[in-house]
There are 2 protein chains.
Amino acid sequence: MATIYEVAALAGVSPATVSRVFNGLTVSEEKQRLVRDAAARLAFTPNKTARRLRKQSSEIIALLIPDIENPFYTALARGVEDRAQESGFSVVLCNTDDNPAKELRYLQIAASEQMAGVILSPASDEVDLGAIVSLGRPVVAVDRTTPYPVDAVKIDNRAAGIAATTALVEAGYRRIACIAGPAGIEMTEDRFLGWRQVAAARGTGVHEGYLRHANFRVDGGHAAMRALLALDTPPDAVVTTNNLMAIGALQALAEAGISPEQFGVAAVGELPFVTMAPAAVASVVQVRLPARYLGRTAATMLLERIAGDTQPLRTVVLRAEVSPPPLPGKDPAL
Amino acid sequence: MATIYEVAALAGVSPATVSRVFNGLTVSEEKQRLVRDAAARLAFTPNKTARRLRKQSSEIIALLIPDIENPFYTALARGVEDRAQESGFSVVLCNTDDNPAKELRYLQIAASEQMAGVILSPASDEVDLGAIVSLGRPVVAVDRTTPYPVDAVKIDNRAAGIAATTALVEAGYRRIACIAGPAGIEMTEDRFLGWRQVAAARGTGVHEGYLRHANFRVDGGHAAMRALLALDTPPDAVVTTNNLMAIGALQALAEAGISPEQFGVAAVGELPFVTMAPAAVASVVQVRLPARYLGRTAATMLLERIAGDTQPLRTVVLRAEVSPPPLPGKDPAL
DNA sequence: GTGAAAGCGCTAACAC
DNA sequence: GTGTTAGCGCTTTCAC
């Protein structure tokens with residue numbers, strides 16, 4: 001790989017001039033041409049590592065998500081990546097598995113790699129952002145929050161829980177259960193509080209055992225749904241606080257020979273890749289979360305901070321909406 | 001961030017000794033202790049950027065995939081990441097969108113970032129790996145191949161296509177169509193050649209218009225299936241050469257009021273997140289591709305090359321298998 | 001076993 | 001507008 005010195009020698013200018021050309025600083029037309037020609041002839045690419053060492057910062061942002069196999073997070077990642085790319089940044093995707101130890105390790109890597117900033121969906125409230133923040137690296141929390149004072153982009157989770165539950169009530173269901181995520185994560189707690197609020201207000205009664213905590217994955221939703229069906233007075237509908245648990249619940253229902261037309265299912269989140277009959281799909285309430293936009297917004301905020309924006313901490317709250325499934329063959333807009 | 005010099009000063013040794021301690025070179029017990037204490041007190045973390053500039057190489061590998069929202073690739077990425085992590089490497093995930101321009105850009109980034117190696121699923125045959133290879137960076141092609149001489153890990157695609165089609169023939173279907181991916185990608189061509197071979201051999205006859213090329217996404221499969229159903233003599237079964245197009249096909253069938261029990265569907269690839277009734281699921285033939293293992297194998301090969309392995313180029317071919325769906329609630333093993 | 005010193009390739013003062 | 005030069009923090013000869 002050619003260096004700035006070789007280009008300079010070939011072009012008959014100083015290394016500094018070559019650097020200036022590649023950084024868009026003022027250089028005479030004439031020398032600019034000489035430099036570009038020489039660079040092209042040597043297939044010169046600036047060495048990012050040297051530049052980073054010198055500048056103490058890079059054009060890489062770290063994105064820490066709990067589960068790369070959850071379509072919600074891949075859509076979010078997509079949003080981050082698209083926005084980052086527009087500004088010439090690259091994204092390193094890190095999968096934390098909701099494991100605080102992995103999360104911490106990635107934060108250390110982000111620091112020692114001089115990454116420009118971090119977007120993360122914290123695995124737990126205890127995540128220690130102190131080290132990275134004190135390094136002056138901007139951090140944005142996305143989807144989930146953290147007690148640490150950083151910018152955040154989130155969903156109005158309470159409203160989402162309310163919307164999901166209300167839709168079931170209005171469809172005539174009266175014994176509405178809730179499959180919530182692990183206790184201790186504000187995002188899922190807000191969603192199930194929305195459920196509880198509606199259940200209490202509408203007098204549908206919150207039966208004993210109608211609240212289930214599960215992991216956020218398909219198997220968690222599946223097991224929880226089976227348990228609900230095994231109750232003495234099983235529910236006639238269920239709200240899940242994320243997308244994958246809804247899949248698990250639907251699987252358990254299918255195994256029990258129950259179609260979604262007979263049993264109310266509402267998910268906070270969008271079901272990925274549904275292949276059910278249109279009527280069945282239509283009967284599943286989906287509170288669509290703007291995952292991609294969430295990522296794009298987080299990236300935008302982070303990039304602003306990286307650029308030196310010093311306004312007070314912000315939390316952007318996005319509103320989810322209950323909506324019909326998108327037409328097949330249509331890509332959901334941004 | 002503390003530097004090696006500050007640690008050295010505090011420990012009363014030379015910077016070189018600090019470096020040696022952190023690289024596991026021979027240093028006396030005594031000084032080792034001093035250095036570690038000083039490092040701990042200063043919360044010292046070695047600066048990876050400086051190290052990389054000096055060593056001309058990093059512990060980062062680039063993974064270029066066509067579609068991060070396709071569960072096949074996220075599973076593959078998962079395999080790469082797990083294996084990389086075991087060796088202390090990080091993975092940068094890059095989404096090429098099957099766009100040669102994006103792919104090229106990422107390859108340039110990989111080079112200028114001194115990444116240790118590249119694993120990629122080429123967007124096209126024309127991808128130019130010359131630059132990165134001539135830099136001495138190892139490259140492994142995964143899932144898809146490239147004319148360029150690099151290591152590769154792939155599926156026996158012809159066999160997969162044969163298996164999918166044979167299963168439909170044995171189930172009694174006689175008018176079997178094929179929804180293939182874009183022309184010009186060897187992976188999908190091999191799969192549809194498997195289909196054609198069986199169709200010809202079994203005398204099921206390859207009707208005019210039974211072969212459809214589509215993009216690899218859900219909408220592509222959906223449109224292709226609709227077109228097939230609109231034929232004068234529509235097929236009674238279909239083989240799709242990837243997972244997402246199968247989803248699209250199933251959606252189109254569902255819209256037409258046709259259940260998978262009535263119309264044969266075979267997919268090369270695994271349907272993600274199925275929520276259909278067990279009987280319907282069972283009637284869909286899925287040729288399961290070991291996505292995660294594909295990724296893990298590619299990562300292993302790459303890491304061997306990075307470590308200096310100079311054996312001749314290898315291509316590992318993995319065999320897919322037709323199998324029943326995994327039990328719900330079970331995570332597919334590695 | 002340990003220290004001194006020379007870079008890795010780039011950027012940013014600082015002179016001119 | 002352009003060249004000279006001093007590092008960024010680390011690894012690695014080369015002496016000792």
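Rules used throughout
Residues numbered from 1 in each chain as written. Chains lettered and ligands numbered in written order. Predicted model: local features only at pLDDT ≥ 70, side-chain atom pairs only at ≥ 80, totals over all residues. Heavy atoms only, no water. Helix = DSSP H or I, 4+ residues; strand = E, 2+ residues; numbered from the N terminus. Buried < 20%, exposed > 50% of the residue type's maximum accessible area, 1.4 Å probe, protein only. Contact = heavy atoms within 4.5 Å. Areas by Shrake-Rupley, 256 points an atom, 1.4 Å probe, with all protein chains shown as cover. Lys, Arg positive; Asp, Glu negative; His and termini not counted. Charge placed at Lys NZ, Arg CZ, Asp CG, Glu CD. Least-squares fit on C-alpha atoms with pLDDT ≥ 70 in both. UniProt positions renumbered as here; feature names shortened; annotations may be inferred. Expected span 1.5 Å × (residues − 1). Buried area = accessible area lost by both parts, 1.4 Å probe. Salt bridge = Lys/Arg side-chain N within 4 Å of Asp/Glu carboxyl O. Nonpolar A, V, L, I, M, F, W, Y, C, P; charged D, E, K, R; others polar. Near = heavy atom within 4 Å. Polar contact = N/O pair within 3.5 Å; in protein donor to acceptor, adjacent residues only side chain to side chain. Pairing = 2+ DSSP bridges. Axes fitted to C-alpha atoms, helices over the stretch in contact; angles between N-to-C directions. Arc of directions from axis to C-beta. Domains from an automatic or database assignment.

1. Some points on the overall build of chain A
And step 1. Scanning chain A from terminus to terminus reveals 13 helices and 12 strands.
And step 2. Over its C-alpha atoms, taken along the principal directions, chain A stretches across nearly 85 × 45 × 30 Å.
And step 3. The buried share of chain A, reckoned over its 334 residues, is 55%.
And step 4. Long-range contacts, defined as pairs at least 24 residues apart, comprise 68% of the intrachain contacts of chain A with a sequence gap of at least 6.
And step 5. With an accessible surface of roughly 13600 Å², chain A has 53% of that area assigned to carbon and sulfur atoms.
And step 6. Computed over 33 positive and 35 negative side-chain charges, the inter-centroid distance for chain A is 6 Å.

2. Focus on the relation of the copies chain B and chain A
And step 1. With an axial shift of 0.1 Å and an RMSD of 0.2 Å, the rotation relating chain B to chain A amounts to 180°. Each copy turns onto its partner about a two-fold axis. By C-alpha distance to the rotation axis, the residue of chain B lying nearest is Val92(B), at 2.4 Å.
And step 2. Residue by residue, 100% of the interface of chain B is reproduced at the interface of chain A, so both copies engage with the same surface.

3. Regarding the UniProt feature "domain: HTH lacI-type" (unreviewed entry) in chain A
And step 1. Mapped onto the present numbering, the UniProt feature "domain: HTH lacI-type" (unreviewed entry) falls on residues 2–55 of chain A.
And step 2. Helix makes up 70% of residues 2–55 of chain A and strand 0%. Its end C-alpha atoms lie 20 Å apart.

4. Observations regarding helix α10 (residues 218–229) of chain B
Residue and element names in this part refer to chain B.
And step 1. Compared with the 16 Å implied by 1.5 Å per residue over 12 residues, the 17 Å span of α10 between its first and last C-alpha is a close match.
And step 2. For α10, the full list of buried residues reads Val 218, Gly 220, Gly 221, His 222, Ala 224, Met 225 and Leu 228.
And step 3. Looking at the buried residues of α10, the elements they touch are β6 (176–180), β7 (211–213), β8 (237–240) and α11 (243–255).

5. Re the interface of chain B and chain A
And step 1. Listed as interface residues are 55 residues of chain B and, on the opposing side, 55 residues of chain A.
And step 2. Interface area, chain B with chain A, both sides summed: about 5100 Å², of which 55% is carbon and sulfur.
And step 3. Counting across the chain B and chain A interface gives six salt bridges.
And step 4. Measuring nitrogen to oxygen at the nearest pair gives 3.6 Å for the salt bridge that ties Glu69(B) to Arg292(A).
And step 5. Mapped onto the side of chain B that touches chain A, the elements with two or more residues apiece are α4 (48–55), α5 (71–86), β2 (90–95), α6 (100–112), α10 and α11 of chain B.
And step 6. For the side of chain B that touches chain A, the leading source of residues is α5(B), giving seven residues.
And step 7. Among the residues making up the side of chain B that touches chain A, the classes are represented as 29 nonpolar, 14 polar and 12 charged.

6. What to know about the protein's contact with DNA strand D
And step 1. Close to DNA strand D lie 26 residues; Thr17(A), Arg20(A), Ser28(A), Ile4(B) and Arg54(B) are nearest.
And step 2. Considering the 4 Å shell around the protein, atoms of DNA strand D inside it are sugar or phosphate in 62% of instances.
And step 3. A distance of 2.7 Å is found between a phosphate oxygen of DNA strand D and a side-chain nitrogen or oxygen belonging to Ser19(B).
And step 4. When residues of the surface near DNA strand D are assigned to their parent elements, the largest contribution, four residues, is made by α4(B).
And step 5. Looking at the surface near DNA strand D, its residues break down into 10 nonpolar, nine polar and seven charged.

7. A look at the sheet that holds strand β6 (residues 176–180) of chain A
Residue and element names in this part refer to chain A.
And step 1. Across the sheet, which stays open at both edges, the six strands sit in the order β7-β6-β8-β9-β10-β12 with mixed pairing between neighbours. If you trace the sheet from one side to the other, it starts and ends with β7 (211–213) and β12 (321–322), each paired once.
And step 2. Across three bridges, β6 lies against β7 in parallel orientation. The partner of Ala 180 across the bridge, within β7, is His 213.
And step 3. Each of β6, β7 and β8 (237–240) touches helix α10 (residues 218–229); the most contacted strand, β6, lies at about 150° to it.

8. Concerning the protein's contact with DNA strand C
And step 1. In the vicinity of DNA strand C there are 26 residues, among which Ile4(A), Ser19(A), Arg54(A), Thr17(B) and Arg20(B) approach most closely.
And step 2. Contacts to DNA strand C include Tyr5(A), whose side-chain N or O atom sits 2.7 Å from a base nitrogen.
And step 3. Contact between DNA strand C and Asn23(A): a phosphate oxygen at 3.3 Å from a side-chain N or O atom of the residue.
And step 4. Mapped onto the surface near DNA strand C, the elements with two or more residues apiece are α1 (4–11), α2 (15–22) and α4 (48–55) of chain A together with α2 (15–22) and α4 of chain B.
And step 5. For the surface near DNA strand C, the leading source of residues is α4(A), giving four residues.
And step 6. For the surface near DNA strand C, the class distribution of residues is 10 nonpolar, nine polar and seven charged.

9. What about the pairing of β2(B)?
All names here are of chain B.
And step 1. Across the six residues that make up β2, a large majority, six, are buried.
And step 2. Of the two faces of β2, the one lined by Ser 90, Val 92 and Cys 94 and the one lined by Val 91, Leu 93 and Asn 95 are each fully buried.
And step 3. Across six bridges, strand β1 (residues 60–65) lies against β2 in parallel orientation. Each residue of the ladder has a partner; that of Leu 64, found in β2, is Cys 94.

10. Observations concerning helix α3 (residues 29–42) of chain B
Counting along an α-helix, one turn takes 3.6 residues, and residues three or four places apart therefore face a common direction.
Residue and element names in this part refer to chain B.
And step 1. An ideal rise of 1.5 Å per residue puts 20 Å on 14 residues; α3 measures up with 20 Å between its terminal C-alpha atoms.
And step 2. Every buried residue of α3 is listed here: Val 35, Ala 38 and Ala 39. On an axial view of α3, the arc spanned by its buried residues comes to 100°, and they lie on one face. Turned more than 90 degrees off the buried face of α3, the exposed positions are Glu 29, Ala 40 and Arg 41.
And step 3. Where the residues of α3 are buried, they touch α1 (4–11) and α2.
And step 4. Ala 43 lies just past α3 and shows a positive phi near 55°.

11. A short note on the domain arrangement of chain A
Residues and elements named next belong to chain A.
And step 1. By domain assignment, chain A separates into domain 1 (4–46), domain 2 (54–155 + 290–319) and domain 3 (157–289).
And step 2. Using C-alpha coordinates to define each centre, domain 2 is positioned 29 Å away from domain 3.
And step 3. Facing 15 residues of domain 2, the contacting portion of domain 3 comprises 16 residues.
And step 4. Across the domain 2 to domain 3 interface the summed buried area is about 1200 Å²; carbon plus sulfur atoms make up 52%.
And step 5. For the domain 2 face of the interface with domain 3, the top three residues by lost area are Pro 71, Arg 144 and Ile 155, together amounting to 35%.
And step 6. For the pair domain 2 and domain 3, the number of links is two salt bridges.
And step 7. For the salt bridge of Arg 191 with Asp 143, the shortest nitrogen-to-oxygen distance reads 3.9 Å.
And step 8. For the pair domain 2 and domain 3, the number of links is four residue pairs in polar contact (both at pLDDT 80 or more).
And step 9. Breaking the side of domain 2 that touches domain 3 down by element, the ones donating at least two residues are α5 (71–86) and β5 (151–155).
And step 10. For the side of domain 2 that touches domain 3, the residue count by class is six nonpolar, two polar and seven charged.

12. So, the sheet that holds β2(B)
The pairing of strands in a sheet comes from backbone hydrogen bonds and takes either a parallel or an antiparallel form.
All names here are of chain B.
And step 1. Pairing within the open sheet is parallel, and its six strands lie in the order β2-β1-β3-β4-β5-β11. In this open sheet, the two edge strands, each paired with only one partner strand, are β2 and β11 (315–318). Strand-to-strand, the axes of this sheet are offset by a mean angle of 15°, without reference to chain direction.

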